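A closer look at the structure
One letter stands for each residue in the lines below.
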Amino acid sequence: MTSKLLCLLGPTAVGKTEIAIQLAQRLDAEIISVDSRQIYRQMDIGTAKPTLEERQAARHHLIDCVDVCQPFSVADYQRLADAAVTDIQNRGKQVLLVGGAGLYFRAVVDGLFEGPGADPVLRARLEQEAAQHGVNALHERLRACDPASADRIHPNNVVRVIRALEVYELTGTPMSELQQQWHPEKQRYPFIAFCLTMPRALLYRRIEQRVDMMLANRLIAEVETLLAAGYARDTVALQSFGYRELIAYLDGECTYMEAIMQLKQNTRRFAKRQLTWFRKDTRLEWIDRNSTQDIVTHLLEKIRGI
């Protein structure tokens, strides 16, 4: 065992869970999920949570922690992750961070982006603009100056939209760009991180196959159950891909085939953003998921050579 955090990262559908469980079993490790959606209860199929069998094969943390309607921030994730790291290490186990949420990964190993302090006058002006012209107009303003943040923040999350605009107006730099400026010497934990990748065409094919499998596993029924439970359609969790497209279908805003095509496209775009994020972190060691015959053995050799 190493005192360093071991991290297995990569885009959605690249096959992290299977490899992570094998590593956990070989290293006496416990997995901390680095995922912004698996944190929510009742969102199982659409978030591709590890199955009960997989969670029994290796202990997982930070899955099923909060209700769908409960506000949850990166700071909340960092607090829970820190507690999990301490708990795992105090029991003499190896920590294994696994997932594709780059911002959550950085929150653990590098800390949170703080940015400039609040500007009450600017915030009041932006709030007034939202009240007069609507939240979508404010979100379009954000898209014009910081498209990466606009992709990540739902228009109805007015607080986060305003904060992103505030950071841009105060600094002249998009918040998404500032969030990617970190200083390795200020790391919160020592770690070694591997990022799985594969040819883009193969990854996209796997994404489409995963969506088809989710639908076969009754993803639509899961969405219907969430709506029947009274969760608002504009809840941040339900506006993530895999849910918003099917909600649009159930509300009669598009056909079934249009919803599925949009879901697959949105998932591919998400994977592309994940890869773009991870490529900017020079501390990650890239592993070709497609060509390496025995990735687990390969990773174990590298880990044991630390």
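Just above, that's the structure.
None of the values given here were measured: they were computed from a predicted structure.

**Remarks on the sheet that holds strand S3 (residues 60-61)**
One open sheet accounts for six strands, arranged S3-S2-S4-S1-S5-S6; its pairing is parallel. Each edge of the open sheet is held by one strand with a lone partner, namely S3 and strand S6 (284-288). Examined bridge by bridge, strand S1 (residues 5-9) and strand S4 (residues 94-99) share four bridges and lie parallel to one another. In the strand pairing of S4, Cys-7 is matched with Leu-97.

**Describing helix H3 (residues 74-90)**
Given a rise of 1.5 Å per residue, 17 residues ought to cover 24 Å, and the 24 Å separating the end C-alpha atoms of H3 matches this to within 8%. Here the buried face of H3 lies against S1, strand S2 (29-34), S3, S4 and helix H4 (102-109). Just downstream of H3 lies Gly-92, where phi reads positive at about 75 degrees.

**What to know about the side chain of Ser-240**
Looking at the element boundaries, Ser-240 is found in the loop between helix H11 (219-228) and helix H12 (244-250). Every residue in contact with Ser-240, bar those within four places of it in the chain, is listed here: Arg-37, Met-43 and Glu-245.

**Overview of the packing of aromatic side chains**
With the rule as written, the count across this model stands at four aromatic pairs. When the centroid spacing of 5.6 Å and the interplanar angle of 90 degrees are considered together, the rings of Phe-105 and Phe-191 count as edge-to-face. Of this pair, Phe-105 sits in helix H4 while Phe-191 sits in strand S5 (residues 191-197), and the two are 86 residues apart along the sequence. For Phe-105, a relative accessible area of 1% translates into the label buried. The class for Phe-191 is buried, based on a relative accessible area of 11%. On the basis of an interplanar angle of 40 degrees and a centroid distance of 4.8 Å, the ring pair of Phe-241 and Phe-270 is categorised as tilted. Here Phe-241, found in the loop between H11 and H12, pairs with Phe-270, found in helix H13 (residues 256-279); they are 29 residues apart in sequence, far enough to count as distant. The buried category is assigned to Phe-241, whose relative accessible area is 11%. Positioned over the ring face of Phe-241 is Arg-37, at 4.1 Å from the centre of the ring.

**Section: the pattern of salt bridges**
According to the stated counting rule, one finds 24 salt bridges in the structure shown. Between Lys-49 and Asp-44 there is a salt bridge, with its nearest N and O atoms 2.8 Å apart. Asp-44 gets classed as partly exposed once you look at its relative accessible area, which sits at 34%. Where salt bridges share partners, they join Glu-30, Arg-59, Asp-87 and Arg-91 into one cluster.

**A few points about helix H8 (residues 158-171)**
Here H8 spans 20 Å end to end across 14 residues, near enough to the 20 Å set by a 1.5 Å rise per residue. On its buried face, H8 sits against helix H5 (120-133), helix H6 (135-145), helix H7 (147-152) and helix H9 (175-178).

**What about the nonpolar core?**
Grouped together as the largest cluster of nonpolar side chains are 52 residues, with contacts concentrated most on Leu-5, Ile-32, Tyr-77, Leu-97, Phe-105 and Leu-238. With residues near it in sequence (within four places) discarded, Tyr-77 still touches Ile-32, Ser-33, Val-34, Leu-62, Phe-72, Tyr-104 and Val-108. Core analysis: the next-biggest nonpolar cluster, separate from the first, contains 29 residues, Leu-6, Leu-27, Ala-29 and Met-198 among them.

Procedures and definitions
Residues numbered from 1 in each chain as written. Predicted model: local features only at pLDDT ≥ 70, side-chain atom pairs only at ≥ 80, totals over all residues. Heavy atoms only, no water. Pairing = 2+ DSSP bridges. Helix = DSSP H or I, 4+ residues; strand = E, 2+ residues; numbered from the N terminus. Expected span 1.5 Å × (residues − 1). Contact = heavy atoms within 4.5 Å. Phe/Tyr/Trp six-rings, centres within 6.5 Å; stacked < 30°, edge-to-face > 60°. Buried < 20%, exposed > 50% of the residue type's maximum accessible area, 1.4 Å probe, protein only. Lys NZ or Arg CZ within 6 Å of the ring centre and 35° of its normal. Salt bridge = Lys/Arg side-chain N within 4 Å of Asp/Glu carboxyl O. Core = buried A, V, L, I, M, F, W, Y, C linked by side-chain atoms within 4.5 Å.

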